[in-house]
Amino acid sequence: PQPQLRSLSGASKQDVREKVWEYLERSGLAAFPRPVHRRIPNFKGSHQACCSVKELEVFNRAHEIKVDPDKPLEGVRLAALQARKTLLVPTPRLRTGLFNKIVPPAGATKEILRICATSQGIKEYSVPVGLDGKARVDLVVVGSVAVSEKGWRIGKGEGYADMEYAMMVSMGAVQEDTPVITIVHDCQVVDIAEELLDDHDLTVDYILTPTRTIKTNCKRPKPQGILWHKASYLCSHYEMLEKIPILKSLRYREKQAGKDVTLQDEHSDLANANTPAELNEKAMAENTRLQAATDSAQLGQHYVESDSSSPQLEGSGMITTVYVGNIPPSIRVSELKCALREFHATPLRLNWQGAQHRAFLDYKDKSAAESAVSSLKGLSLGGNTLRVELAKNQRHKGQVEINSQK
């Protein structure tokens, strides 16, 4: 049997990661892709460890399973597809949404299912599931760099698994009792000091290795949603919101629901930049502006509003228009305008066509339009994820032609 990396007392999270990565490589246990450093490491025997998931009652009971895209979890993805379960895989770095649902072709052979479980298959056989995809995940499978028998987990250090779980809580996709499994080599099961854990850290209920199935009976509560005021475990807040468009949408939704979504950076910015009186004044001005905008267009009305401070649009060859579709009938133009301000995507002119469930936004040039599209990607209003893209001949003969280039 391989010697174990049991005693890592006094080590920081990064120390634990480095020791595990180094040990896997040095002992000849590391598997493709290599080197395993800075990854959720693949290891010899990962498929064997994955196969034992089929013996777990929580797996057999589950209908919808979220499995991370890491290589060592490929066997679990295959097992889920073979058992005809709904398989959700987070999109890489959450750039284009939260999940992809893997949809094998009708009558898929074993070989096709095997491909569907790989990273290539995730690209070829998946459809995106947005915030409003009504996902109801009843089992979560995550990769780990190290994990303790108590269920305390250390990932590769970027915080994505923790963030994905927190986002699933916020969108109601997981419950407090949704079980979490991790797949590791025996040598990755180590003692982890509890003081290394933060509130946002995800814990696990089952650990599967090539030789053991460990039920952790972990009592430490899992994250209860996104801790906006301390979400800097991923990266700086503004950078994080730029990198993960769906996070912006989720934050906007929680703000609309009355939750405190103030970021840590904003706390310090506000403390440095504004007195309470100045803040009050700004808030009142904003409220007045919002009130004036509210219901300026009734549902279904055609409505055009230009920013009076902008140069004239007509005759300028530079204007680029963005198409916004899939707008729910319940949404008023004031709500769209509010969202555009929130995402720093205020256009020079807004052409609202509520009856057709769409709007056209004019920007001063292509760069500004593309920036708006990027900012608004994944935005959800009134239960619909909006369709946002550059428009092409958007008002030619009353027809809407959408630029098909993605």
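Structure shown above.
These numbers come from a predicted model, not from an experiment.

Undergrad: When you look at the overall build of the chain in this model, what are you seeing that I'm missing?
TA: Across its full length, the chain holds 13 helices and 18 strands. Looking at the chain residue by residue over its 406 residues, the buried ones come to 50%. Long-range contacts, defined here as pairs at least 24 residues apart, represent 67% of the contacts in the chain between residues at least 6 apart. Approximately 19,800 Å² of the chain is accessible, and the part contributed by carbon and sulfur atoms is 49%.

Undergrad: Sorry, what's going on with the pattern of salt bridges here?
TA: A complete count under the given rule lists 14 salt bridges for this structure. Notably, a salt bridge pairs Lys71 with Glu74, separated by 2.9 Å at the nearest N-O pair. Residue Arg212 pairs with Asp186 through a salt bridge whose shortest N-O separation is 4.0 Å. Residue Arg212 is located in the loop between strand E9 (206-208) and strand E10 (213-215), and its partner Asp186 is located in the loop between strand E8 (180-183) and E9; the two are separated by 26 residues in the primary sequence. In this structure, a network of salt bridges that share partners links the residues Lys13, Asp198 and Asp201.

Undergrad: Explanation requested: helix H13 (residues 366-376) in the structure shown.
TA: It helps to recall that an α-helix has 3.6 residues per turn; residues three or four apart then point in one direction. Considered for burial, the residues of H13 that qualify are Ala369, Ala372, Val373, Ser375 and Leu376. The arc that holds the buried residues of H13, viewed along the axis, is 165°, so those residues lie on one side. Two or three places before Ser367, at the opening of H13, Asp365 has a side-chain oxygen 3.3 Å from that residue's backbone nitrogen. Backbone geometry just downstream of H13 places Gly378 in the positive-phi region, at approximately 85°.

Undergrad: Can you help me understand the nonpolar core in this one?
TA: Most often, soluble globular proteins have nonpolar side chains that are buried together. Grouped together as the largest cluster of nonpolar side chains are 47 residues, with contacts concentrated most on Val141, Ile181 and Ile183. Excluding anything up to four places from it in sequence, Ile181 contacts Val53, Leu56, Val58, Leu139, Val140, Val141, Val142, Tyr206 and Leu208.

Undergrad: I keep staring at the pairing of strand E5 (residues 139-143) and nothing clicks. Help me out?
TA: The side chains of a regular strand alternate, first on one face of the sheet and then on the other. Counting buried positions over the five residues of E5 gives five, a clear majority of the element. Burial of E5 is two-sided: the residues Leu139, Val141 and Gly143 facing one way and the residues Val140 and Val142 facing the other way are all buried. With four bridges connecting them, E5 and E8 associate as parallel partners. Within E8, the position partnered with Gly143 by the bridge is Ile183.

Undergrad: Quick question: what am I supposed to make of the sheet that holds E5 here?
TA: The strands making up a sheet associate through hydrogen bonds between their backbones, and the pairing can be parallel or antiparallel. Across the sheet, which stays open at both edges, the eight strands sit in the order E4-E3-E2-E1-E5-E8-E9-E10 with mixed pairing between neighbours. Across the chains shown, the open sheet's two edge strands, defined by having one partner strand only, are strand E4 (126-129) and E10. Looking at each pair of strands side by side, their axes are set apart by 25° on average, direction ignored. Two elements, strand E2 (residues 86-90) and strand E3 (residues 99-102), share three bridges in a ladder whose sense is antiparallel.

Undergrad: Is there a simple way to explain helix H4 (residues 74-82) in this structure?
TA: Within H4, seven of the nine residues are buried, which leaves the element mostly enclosed by the surrounding structure. Every buried residue of H4 is listed here: Gly75, Val76, Arg77, Leu78, Ala79, Ala80 and Leu81.

Undergrad: Would you mind showing me how to read the environment of Arg332 here?
TA: Inspection of the secondary structure assignment puts Arg332 in the loop between strand E12 (320-325) and helix H12 (333-342). Residue class for Arg332 comes out partly exposed when judged on its relative accessible area of 25%.

Undergrad: What is the right way to look at the state of the cysteines in this model?
TA: Defined simply, a disulfide is a covalent bond joining two cysteines at their sulfur atoms. Overall, the coordinates contain zero disulfides when judged by the stated rule. We note that Cys51 lacks a disulfide partner, and the nearest cysteine sulfur, in Cys50, lies 7.1 Å from it. Using a relative accessible area of 29% as the deciding quantity, one classes Cys51 as partly exposed.

Undergrad: Sorry, what's going on with the packing of aromatic side chains here?
TA: For any pair of aromatic rings, the description consists of the separation of the ring centres together with the inter-plane angle of the planes. Tallied over the full model, the rule gives one aromatic pair. The interplanar angle of 55° and the centroid separation of 5.8 Å between the aromatic rings of Tyr323 and Phe360 together place this pair among those described as tilted. Of this pair, Tyr323 sits in strand E12 while Phe360 is found in strand E14 (residues 358-363), placing the two residues 37 residues apart along the sequence. The same class applies to Tyr323 as to Phe360, namely buried.

Undergrad: I keep staring at the pairing of E3 and nothing clicks. Help me out?
TA: In the sheet, E3 pairs with E4 via four bridges, with the strands oriented antiparallel. Bridge pairing in E4 links Lys101 to Val127.

Reading guide: rules and limits
Residues numbered from 1 in each chain as written. Predicted model: local features only at pLDDT ≥ 70, side-chain atom pairs only at ≥ 80, totals over all residues. Heavy atoms only, no water. Helix = DSSP H or I, 4+ residues; strand = E, 2+ residues; numbered from the N terminus. Buried < 20%, exposed > 50% of the residue type's maximum accessible area, 1.4 Å probe, protein only. Contact = heavy atoms within 4.5 Å. Areas by Shrake-Rupley, 256 points an atom, 1.4 Å probe, with all protein chains shown as cover. Salt bridge = Lys/Arg side-chain N within 4 Å of Asp/Glu carboxyl O. Arc of directions from axis to C-beta. Polar contact = N/O pair within 3.5 Å; in protein donor to acceptor, adjacent residues only side chain to side chain. Core = buried A, V, L, I, M, F, W, Y, C linked by side-chain atoms within 4.5 Å. Pairing = 2+ DSSP bridges. Axes fitted to C-alpha atoms, helices over the stretch in contact; angles between N-to-C directions. Disulfide = S-S within 2.5 Å. Phe/Tyr/Trp six-rings, centres within 6.5 Å; stacked < 30°, edge-to-face > 60°.

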